[in-house]
Amino acid sequence: MGLFDFFKPSPEAAVAKHGARVANKRAQASDRWESIQALGAMRSPEAVKALLPRFTYYADPSITDGEEKDEAFRLICAVGDAAVPPVRAFASKAESLSWALKILERLATEDEVVEVLVGLLGKMDVEYQRDPQRKLQVLTALEERTDPRIAAVAARFIDDVHETARFHAVGTVLNQDDADAHREALAKALVSEESVRIKQRILEAFAARGWDVGAARDKVQKALPPGFALDAKGVPSKRA
C-alpha cells in the first residue's frame, strides 16, 4: 500500500459521497454528472442503488434532466444481472415505476418482470388514492402481458374506485388465457359500472368470444348502453 492510498476514500464512502450528489436536485449539474460517471464506473449493486434516486426528481433545464436520466439508465444497465436486486427494491417504493420497469425490461427475464408487477399489484388497494399513478402503471404494464399469474390479481381491480384503473383492469383480465374464469365478475361489472367505455369494452369482448352474461342477464339487459343488445342466450351483440 502506497502513502497516498491512506487518503483514498473507502468504496462505501465514495458511494455515499457521489450518491448524495446524484440525489440532490439542487447540486450543480456538472457535479451531478461527475458523480453519475463515478458511480457508473464502480459497476456494483451499491452504486446502482445510489444512482436510482436520480429518477425520482426533475431538474431544470429539461435537456439536462433527460441527459442525466438517460446516462444513469445506460450505466445501470451496463452492470447487468447484479443491478436487478437493487432495481427491484427501488420499484417497490418508487412513486413512479417508469424507469425501474424500463431497466427491468432490459435486464430481467419476462418471468421476473411479471413477478415484480404481480407482487406490486397484490399489495395495492382498490380504495380511493389521491394519486393512483403507480397502480395505473402496473395495470398498464400487465395489460400488455399474458401470464397465468396475472388475471387472479388484476380481477380485484375491476371494482376499483378509480375509473381508469377499472378500465385497465378489465383489459388486463380479458387479455389473459384464463379470462373465462372471471366471466361472472365481468358480467356483474356490466350492472354496477357507470363508465360507458368500460361497459363497451366488456360487451365487445363477450360478443367476440360468444360469452353469455349468465345469471345477471336481466340486470345487464337494463344496464346496456346504446348500441348493444342481448340475444336469446344472453350473448351481447352490437345493434346494426
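Everything quoted here is computed from the prediction, not taken from an experiment. (Residues numbered from 1 in each chain as written. Predicted model: local features only at pLDDT ≥ 70, side-chain atom pairs only at ≥ 80, totals over all residues. Heavy atoms only, no water.)

Q: Can you walk me through the overall build of the chain in this structure?
A: For the chain, the count of helices and strands is 13 helices and 2 strands. The globule rule puts the C-alpha radius of gyration for 240 residues at 18 Å, and the 24 Å found for the chain is more than 25% above it. When its C-alpha atoms are laid out on the principal axes, the chain stretches across 90 × 35 × 30 Å. Expressed as a percentage of the 240 residues in the chain, the buried residues total 47%. Considering only intrachain contacts with a sequence separation of at least 6, the fraction spanning at least 24 residues in the chain is 62%. Entry remark: accessible area of the chain is about 13,000 Å², with carbon and sulfur atoms responsible for 52%. Across the chain, the 35 positively charged side chains and the 37 negatively charged ones have centroids separated by 3 Å. (Helix = DSSP H or I, 4+ residues; strand = E, 2+ residues; numbered from the N terminus. Rg over C-alpha atoms; globule rule 2.2 N^0.38 Å. Buried < 20%, exposed > 50% of the residue type's maximum accessible area, 1.4 Å probe, protein only. Contact = heavy atoms within 4.5 Å. Areas by Shrake-Rupley, 256 points an atom, 1.4 Å probe, with all protein chains shown as cover. Lys, Arg positive; Asp, Glu negative; His and termini not counted. Charge placed at Lys NZ, Arg CZ, Asp CG, Glu CD.)

Q: What is the right way to look at the pattern of salt bridges in this model?
A: Side-chain pairs of opposite charge can arise whenever the charged atoms involved come near each other. Evaluated as defined, the whole model comprises 19 salt bridges. As a salt-bridge pair, E105 and R145 come within 2.8 Å of each other at their nearest N and O atoms. Highlighted residues: E105 in helix α6 (residues 98-107) and R145 in the loop between α8 (133-143) and α9 (150-154), separated in sequence by 40 residues. Of the charged contacts in the structure, one is a salt bridge between D212 and R183, with a shortest N-O distance of 3.6 Å. Taken as a pair, D212 in the loop between α12 (196-209) and α13 (217-223) and R183 in helix α11 (residues 183-192) lie far apart in primary sequence, 29 residues in all. R183 sits in the partly exposed class, given a relative accessible area of 23%. If you follow the salt bridges from partner to partner, you end up with R32, R54, D65, E68 and K69 in one network. (Salt bridge = Lys/Arg side-chain N within 4 Å of Asp/Glu carboxyl O.)

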